[in-house]
There are 2 protein chains.
Amino acid sequence: MLRHIIFFNAFCVFFAASFSIVKPGPTYPPTKGAIWPRPHEQTKSDTYYKLVPDSFTITEKGQTCDILKAAIERYTNVLKNTYLIADTHSKKLANLNVNYPNTTEDDVNYKGTLQELQVTLSAPCETYPHLDMDEKYSLEVAAVSTLKSDSIWGALRGLETFAQLFYMSDGYKSVLINTTQIVDYPKYKHRGLLIDTSRHYLPISTILKTLDALEINKMNVLHWHIVDDQSFPYQSDVFPQLSLAAYDPTMVYTAADISQIVNYARDRGIRVLPEFDVPGHTSSWGVAYPSILTTCYRFGESIGLGPMDPTNNMTYKVISDLFNEVQGRFPDKYIHVGGDEVELDCWSSNAAIRKFMEEHNMTETSELHSLFMTNVIPLLGDRSKPIVWQEVFDEGVTLPSGSIVQVWKNIEASEMVNILNAGHKVIYSASWYLDHLSTGGDWFKYYEVDPRNTVNGYVDKIKESDILGGEACMWAEVVDETNMISRVWPRASAVAEALWSGYTSNTADGPYRRWYRYSRNPDHELSCRMEEHACRMNRRGVRAQPPNYPGFCITGN
Amino acid sequence: MLRHIIFFNAFCVFFAASFSIVKPGPTYPPTKGAIWPRPHEQTKSDTYYKLVPDSFTITEKGQTCDILKAAIERYTNVLKNTYLIADTHSKKLANLNVNYPNTTEDDVNYKGTLQELQVTLSAPCETYPHLDMDEKYSLEVAAVSTLKSDSIWGALRGLETFAQLFYMSDGYKSVLINTTQIVDYPKYKHRGLLIDTSRHYLPISTILKTLDALEINKMNVLHWHIVDDQSFPYQSDVFPQLSLAAYDPTMVYTAADISQIVNYARDRGIRVLPEFDVPGHTSSWGVAYPSILTTCYRFGESIGLGPMDPTNNMTYKVISDLFNEVQGRFPDKYIHVGGDEVELDCWSSNAAIRKFMEEHNMTETSELHSLFMTNVIPLLGDRSKPIVWQEVFDEGVTLPSGSIVQVWKNIEASEMVNILNAGHKVIYSASWYLDHLSTGGDWFKYYEVDPRNTVNGYVDKIKESDILGGEACMWAEVVDETNMISRVWPRASAVAEALWSGYTSNTADGPYRRWYRYSRNPDHELSCRMEEHACRMNRRGVRAQPPNYPGFCITGN
């Protein structure tokens, strides 16, 4: 029924065609063993090997550590499970008396079963992933395959690539891998997904599943927007009353929960970046500590509590002690302190705050925001550096050197150019708000922007590299455990590829861009790769929604 | 981060407000025991009873049958499970040393534990649900409650209502029900959901889950668009080759699968309406039988196979034999024969068909469509009546009396007025395409159209009643088992209520309608009811997505 809206043949528009041919079968047949995100360099041969898990091992040939050992066990299981899916399907076909011949038996390109993957890690493991971690690796697939990296994080990325090279053949009965050489590393070093556990609480299991998906997509940051106006699920020991603003006493994240999440992420080379957004988006803090919020007025009447009170010493005391605790729970060297969407007009509606402004010769409420942030950022001390939303920069707050500004409102270059010229670094999110929905395969629009390309010509190359990467953002007003995984994936996979590969869809900037957004992706190969990748995620337990158009995925269920 | 887009206070717009207050907690606190869809007549008292499953029974006081017995067992389990969720939560709170007092103990309104529900069915059961089935019931909740109906179908609806009256209290520790009287019946007799198993195959389990959801929403038709261009998962005995066009040999619906689905639906008072869409949307038929499709030409070159060939006797033979088999598998008295989006220009591109037209004095290809349908509809014989998409009517096909036309393209009155004036009946879907997405709680727009209200004043009341109801349509280009349930529900619940209750949101037609669509639903009570209803579905295993804005649901997980 949708055919006339989105289903006509992509090439028809170039003719004066008045009807369309829809062929049976998937619109985009999935690729076989294409890597996501696309590697830096890859060569691939027609020769191939078969996977038989019982006669295959992954071995450590260099340095090793608990992270590598856990990863080898994990990926050994991924391969076993891939084999099991094919085996299950093979048995179903036999029950149906369907017989697909095994093409491998007499094929000149068939080189036998895969024997071993040797992992050579040439340096000791680091304890936690970090902004400047090395993710480079090289991989050669042969009967005895080799994966080399100077870093545990590169070894993890290489194992993921290795697992993705396998594909099913012969009617989904066999698992094969082609002879391949890869050298790979990311374009951007910060490749994240923002989750929001305040608008809807997410169970630990959903957060761990999200980390599984990040690993599959070679993303390396979970930006955890943990509290906001609506609820405060972080359970503090120094201020246990704060989580009275959890939706329910059972809907909290304890120190043990956070430790579990941080370690699970670490094992996958993923940083967990906590955000405690101040001074706006803080209504929930007021359930236990109303005095640190500002009373807002309208027509002289109090209408409720707004942003934090920047004139109250208690405000800073609470933030300071809480940050100190948060620094102990999250090993990352950055803390996101928010700073977005502060209701400055609430401050000016309050007589006591207006008096404070007069006493301090302030004429604009943005000066209060500046004062607030100038007070808050030093509370991080030497243990953490700040990340802030762009409003903090826009409102003229003096940020310490090395601060990171997250751009979410402006798709154009000017905002980033200004931030870079002021000596700060940038994380870009403006094009990648996953809560903004449109019908169908909207993920290809995420390729339209490569953050550094945007500022190209406006700043020099060194400054360009201060754009560290970006994040897809899944604000949780309309998602919870029922739909978050399927709505984020595989849409965020497009962001993952834009950031790792610097890949821009070859037609993203063409004249038909806007038109294509609402029709179909003209980059056929990209869509076919995405079909395989979404199916791959499903086979590995991440229930990604279908990316494009009609098709199917054999998952063994 | 979305606050400025959708999160300001709904009433602020009437002031010149420049800032908003966001209170902690859910945006729409759920109601407690509100029925969905809203019943025809309900009175409710402050007095209430407690549910203790071990001391409560549902008993049959009148006629009975296997459908009623199965339903009583099913709803007994629903109540037990509701109790179990509260009990599990109570234990979790105890482990956390959280103590909510039990308000019932000393409350003057508390009337003790609920003892019994007596179900008085005053007529023998029918075998299958049908278009004209009686769904009326009356219910009185007291220590010994009574449910009365003249029809098994009404009894099923009453049991659902009874189950929905229970709610959790005292920090989700107790399950209560208020003294209530209800007389209820639907405004529209056809209240359906279309699913599409061609664009993506749906496992049987997903279809059964969908039937669970239809039951909870008092919807009574599963419109099963079983095959289309992309795949043919229906496994035929007369034409076993047809399902060579299934995506995979394992992705089919056998006679046994269909029987399971039909019986599961019957037990819930739900009709299963099969659609075999002809002559367009039939590419998959051509995998086994290319000769029944039309070869299309462009610039004199064949470009592939288009709609069925209306000039080929074989076409009608295949349809006739297949319909005969389908009639045996689906007991419903209607078969949907499609007729939408026929590529008429393919027909005119084909020289043999142009010759046929000349020989039969046809000047318009729509006459071929008319000829085709005129040939096909009698193939149903006396066993089934046809339902067709609106194009069949629009293109002037002479339909037998009592035919039903499904309107999907025109939201305005004129199309329905024309169909009614021609003596046909209408099913309305034009406002309810669930595959069309927009950000956030888009379900309240589904209340904007009440189909009969649309034609009010254009036709008389008798003709108005020939609008039999409507269907929400979930075309499956972009959904499969990963996301179908969460994307359909609770959005289709709004359609269910529009059709059962004839409820139109009190602000749906207000001057701010368009504005509200993109902001928040101004009908606060409706949104609070929807919050409860979505949570109720989750508690009953239907993983509906969050309907609105920030909030939470205690499910016992």
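Structure report, in brief. Because the structure is predicted, anything quoted here is derived from the model rather than measured.

Some points on the packing of helix H4 (residues 204–216) of chain A against helix H5 (residues 255–266) of chain A
Residues and elements named next belong to chain A. At their nearest, the axes of H4 and H5 sit 10 Å apart, and the two run at 15 degrees to each other. By the angle between their axes, H4 is roughly parallel relative to H5. Taken as a pair, H4 and H5 cross one another with a handedness that is right-handed. Together, Ile-204, Ile-207, Leu-208, Leu-211 and Asp-212 of H4 and Asp-257, Gln-260, Ile-261, Tyr-264 and Ala-265 of H5 make up the contact between the two elements. Residue classes in the contact of H4 with H5 are distributed as seven nonpolar, one polar and two charged.

Notes on the relation of the copies chain B and chain A
Superposition of chain B onto chain A requires a rotation of 180 degrees combined with a translation of 0.0 Å along the rotation axis, giving an RMSD of 0.0 Å. Such a combination of turn and shift is consistent with a two-fold rotation axis. Every residue of chain B has its C-alpha some distance from the rotation axis, and the shortest such distance is that of B:Ser438, at 2.9 Å. By residue overlap, the copies meet face to face through one surface: 100% of the interface positions of chain B are interface positions in chain A.

A look at the state of the cysteines
This model, assessed by the stated rule, comprises six disulfides over all chains. What pairs with B:Cys296 in a disulfide is B:Cys346, and their sulfur atoms sit 2.1 Å apart. Between B:Cys296 and B:Cys346, the S-S torsion sits near -90 degrees, and that sign places the bridge as left-handed. Placement of the pair is B:Cys296 in strand S12 (residues 293–298) and B:Cys346 in helix H8 (residues 344–349), with a sequence separation of 50 residues. Across the pair, exposure class does not vary: B:Cys296 and B:Cys346 are buried alike. Disulfides within chain A link the bonded cysteines, taken in sequence order, as 1-2, 3-4, 5-6. Residue A:Cys528 stays outside any disulfide, its sulfur separated by 13 Å from that of A:Cys535, the closest cysteine. A:Cys528 gets classed as buried once you look at its relative accessible area, which sits at 6%.

Considering unusual backbone geometry
All names here are of chain A. Cis geometry marks the peptide bond from Val-278 to Pro-279; its omega dihedral reads 0 degrees. Position of Pro-279 relative to the elements: it lies in the loop between strand S11 (271–275) and helix H6 (285–288). Of note, Asn-97 is a non-glycine position whose phi angle comes to about 60 degrees, a positive value. With respect to the helices, strands and loops of the structure, Asn-97 is situated in the loop between helix H2 (66–95) and strand S3 (110–113). Its identity as a non-glycine residue notwithstanding, Glu-341 has a phi of 50 degrees, on the positive side. With respect to the helices, strands and loops of the structure, Glu-341 is situated in the loop between strand S14 (334–336) and helix H8 (344–349).

What counts and how
Residues numbered from 1 in each chain as written. Chains lettered and ligands numbered in written order. Predicted model: local features only at pLDDT ≥ 70, side-chain atom pairs only at ≥ 80, totals over all residues. Heavy atoms only, no water. Axes fitted to C-alpha atoms, helices over the stretch in contact; angles between N-to-C directions. Helix = DSSP H or I, 4+ residues; strand = E, 2+ residues; numbered from the N terminus. Parallel < 35°, antiparallel > 145°, perpendicular 65-115°, else oblique. Left-handed = near helix turned anticlockwise from the far one by under 90°. Contact = heavy atoms within 4.5 Å. Nonpolar A, V, L, I, M, F, W, Y, C, P; charged D, E, K, R; others polar. Least-squares fit on C-alpha atoms with pLDDT ≥ 70 in both. Disulfide = S-S within 2.5 Å. Buried < 20%, exposed > 50% of the residue type's maximum accessible area, 1.4 Å probe, protein only.

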